[in-house]
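Chain by chain, the residues:
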Amino acid sequence: MYIINIPYFILGLIIGSFINVIIYRVPKNISIIKPRSFCPLCQNKIPLYRNIPIISFCLQKGKCINCKNKISLSYPIIELVIGIIWLIASIYLNTLNEILYFSIISTILIAISIIDYKYFIIPIQLSITALIFITISLCLTQDFLSHIDGLIIGTGYLSAIFLITWALTKRQGLGLGDIQLVLILGYWLGDLRIFLVIFLSALLALIFWCILSLIKGYDNKRALPFGTFLSITAILVYPIKLNTFI
Ligand SMILES: [Zn+2]
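Residues numbered from 1 in each chain as written. Predicted model: local features only at pLDDT ≥ 70, side-chain atom pairs only at ≥ 80, totals over all residues. Heavy atoms only, no water.

Colleague: Explain the overall build of the chain to me, using residue names and the numbers behind them.
Modeller: Helix and strand counts for the chain come out as 9 helices and 0 strands. Tracing the chain from N to C terminus, the helices and strands come up as α-α-α-α-α-α-α-α-α. Whereas a compact globule of 246 residues would reach a radius of gyration of roughly 18 Å, the chain reaches 19 Å, a difference of no more than 12%. A separation threshold of at least 6 residues defines the contact pool for the chain, and within that pool the share at least 24 residues apart is 68%. (Helix = DSSP H or I, 4+ residues; strand = E, 2+ residues; numbered from the N terminus. Rg over C-alpha atoms; globule rule 2.2 N^0.38 Å. Contact = heavy atoms within 4.5 Å.)

Colleague: An account of the domain arrangement of the chain is needed here, citing residue identities and associated values.
Modeller: Considered domain by domain, the chain is made up of domain 1 (1–92) and domain 2 (96–246). Between domain 1 and domain 2, the residue contacts involve 15 residues of the former and 18 residues of the latter. Together, Ile-23, Ile-85 and Trp-86 form the three largest contributors to the area buried by domain 1 at its contact with domain 2, with a combined 35%. The interface formed by domain 1 and domain 2 contains 2 residue pairs in polar contact (both at pLDDT 80 or more). Elements supplying a minimum of two residues to the side of domain 1 that touches domain 2: α1 (6–25) and α3 (74–92). Sort the elements by how many residues they give to the side of domain 1 that touches domain 2 and α3 lands first, with 7 residues. Grouping the amino acids of the side of domain 1 that touches domain 2 by side-chain chemistry returns 13 nonpolar, 1 polar and 1 charged. (Domains from an automatic or database assignment. Buried area = accessible area lost by both parts, 1.4 Å probe. Polar contact = N/O pair within 3.5 Å; in protein donor to acceptor, adjacent residues only side chain to side chain. Nonpolar A, V, L, I, M, F, W, Y, C, P; charged D, E, K, R; others polar.)

Colleague: Got a sec to walk through the side chain of Thr-233? Specific residues and values, please.
Modeller: Along the polypeptide, Thr-233 turns up in helix α9 (residues 226–237). Its relative accessible area of 7% is what places Thr-233 among the buried residues. At 2.9 Å, the side chain of Thr-233 forms a polar contact with the side chain of Ser-201. When neighbours within four sequence positions are excluded, Thr-233 is seen to be in contact with Val-197, Leu-200, Ser-201 and Leu-204. (Buried < 20%, exposed > 50% of the residue type's maximum accessible area, 1.4 Å probe, protein only.)

Colleague: Requested: an account of the coordination of the zinc ion, with residues and values cited.
Modeller: The protein atoms that coordinate the zinc ion are Cys-39 (SG), Cys-42 (SG), Cys-64 (SG) and Cys-67 (SG), at distances spanning 2.3 Å. The coordination sphere of the zinc ion comprises 4 donor atoms, whose angles at the metal cover 102 to 120°; the geometry is tetrahedral. In the primary structure, the donors to the zinc ion are separated according to the pattern C-x2-C-x21-C-x2-C. (Donors = N, O, S within 2.8 Å, 3.2 Å for Na, K, Ca; no water. Tetrahedral: all angles 85-135°; square planar, octahedral: opposite > 155°, others 65-115°.)

Colleague: Lay out unusual backbone geometry in plain terms, naming residues and giving numbers.
Modeller: Residue Pro-35 is reached from Lys-34 by a cis peptide bond, and omega for that bond is -10°. Along the chain, the position of Pro-35 falls in the loop between α1 and α2 (55–59). Positive phi values are uncommon outside glycine, yet Gln-43 reaches one of about 65°. By the secondary structure assignment, Gln-43 is in the loop between α1 and α2. Judged by relative accessible area, which is 49%, Gln-43 ranks as partly exposed. With a phi close to 60°, Phe-120 is a non-glycine residue in the positive phi region.

Colleague: Describe the packing of helix α4 (residues 96–119) against α9, naming the residues involved and giving the relevant values.
Modeller: Interaxial distance between α4 and α9 falls to 8 Å at its minimum, and their mutual angle equals 160°. Taken together, α4 and α9 sit at an angle that is classed as roughly antiparallel. For the crossing formed where α4 meets α9, the hand is left-handed. Residue-level inspection shows Phe-102, Ser-106, Leu-109, Ile-110, Ile-112, Ser-113, Asp-116 and Tyr-117 of α4 in contact with α9, the latter providing Phe-226, Gly-227, Thr-228, Ser-231, Ile-232, Ala-234 and Ile-235. Here the residues of the contact of α4 with α9 are counted per class, giving 9 nonpolar, 5 polar and 1 charged. (Axes fitted to C-alpha atoms, helices over the stretch in contact; angles between N-to-C directions. Parallel < 35°, antiparallel > 145°, perpendicular 65-115°, else oblique. Left-handed = near helix turned anticlockwise from the far one by under 90°.)

Colleague: Any chance you could break down helix α5 (residues 124–141) for me, citing the residues and the numbers?
Modeller: Its 18 residues give α5 an end-to-end C-alpha distance of 26 Å, which sits within 8% of 26 Å, the value for a rise of 1.5 Å per residue. Taken residue by residue, α5 has Leu-126, Ser-127, Ala-130, Ile-134, Ser-137 and Leu-138 as its buried positions. The buried residues of α5 all sit within an arc of 100° when viewed along its axis, so they share a single face. Packed against the buried residues of α5 are α1, α4, α6 (144–169) and α7 (176–189). Immediately beyond the C-terminal end of α5, within one or two residues, lies Gln-142, with a positive phi of roughly 50°. (Expected span 1.5 Å × (residues − 1). Arc of directions from axis to C-beta.)

Colleague: So what's going on with α4? Residues and values would help.
Modeller: Residues spaced three or four apart along an α-helix face the same direction, because each turn holds 3.6 residues. Along its 24 residues, α4 runs 34 Å from first to last C-alpha, staying within 8% of the 34 Å computed at 1.5 Å per residue. Trailing α4 by a residue or two, Phe-120 shows a phi angle of about 60°, which is positive.

Structure follows, in C-alpha cells:
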C-alpha cells in the first residue's frame, strides 16, 4: 500500500456515508437529495461538519448530539466496509477504469445486500444504476459477448429453479427481485462466474438457514434474503479470473 491509495479509502468512506442515506431512504421512498441528513430518531438536521464518516460517530460516542439516542453501529461499519473495498481495489487493480468499475458496482451491491436483508426488497433504482455502469464499462472494453452470455445463462438458470420450485411446492421460493439481480450479476461477471455465484449463494443460504433454525427453531416458511448472499458472493467471486464458455 502506498500513500496514493489513501484518497481511495477516504472517497470510499464518503461514498459509504451516502450509501447509508440510500439504505435508509430508498425503501421508504424518501428523496435521497432533499432534505439534508437528519437524525432518524429526532429528525434533527445534521450539519455537514458533524457528518464526517466514522470520525463524527467516534467524537459523539455513537450518540445523536441533539436527542442523545444511540446511533446504530451499522452506519460506521457500512462506511468502513465500503472504504476498505475502494482501498483494496486501488491496491490490486491496475487502471483507474478497473478500480472505479469494481468499486462502484461493489458499492451498489453492498447497498442492495443490506436493503434486501432488512426489507426483503431489491430497489429497481439501484439495479438500473448498476446496469448503466456495467454497460458503459463493457462498451469501453468491448467485452460484450461473454457478458451477454452470462446474463442469459444466469437468469435462465435461476428462472428455471423459480418455476420448478413453484410447480412442485406452489410456493414462491425466490423473489422476482432475485432474478432481476442475477440478470445484472450475470452481465457483470460473465457466464462461468455467475454459475459459481449462484452455487455459493445457495450454499451460504443453506448454512444461514441451518444456523437460524438451531437458534430460533425450525420454520419452513422462514424467508431468506437471497439477494444478500448473491451480492456478497458476487463481490468475492469477481476478482477470480475464469475463462468463459465462448
Ligand atoms: Zn437525534
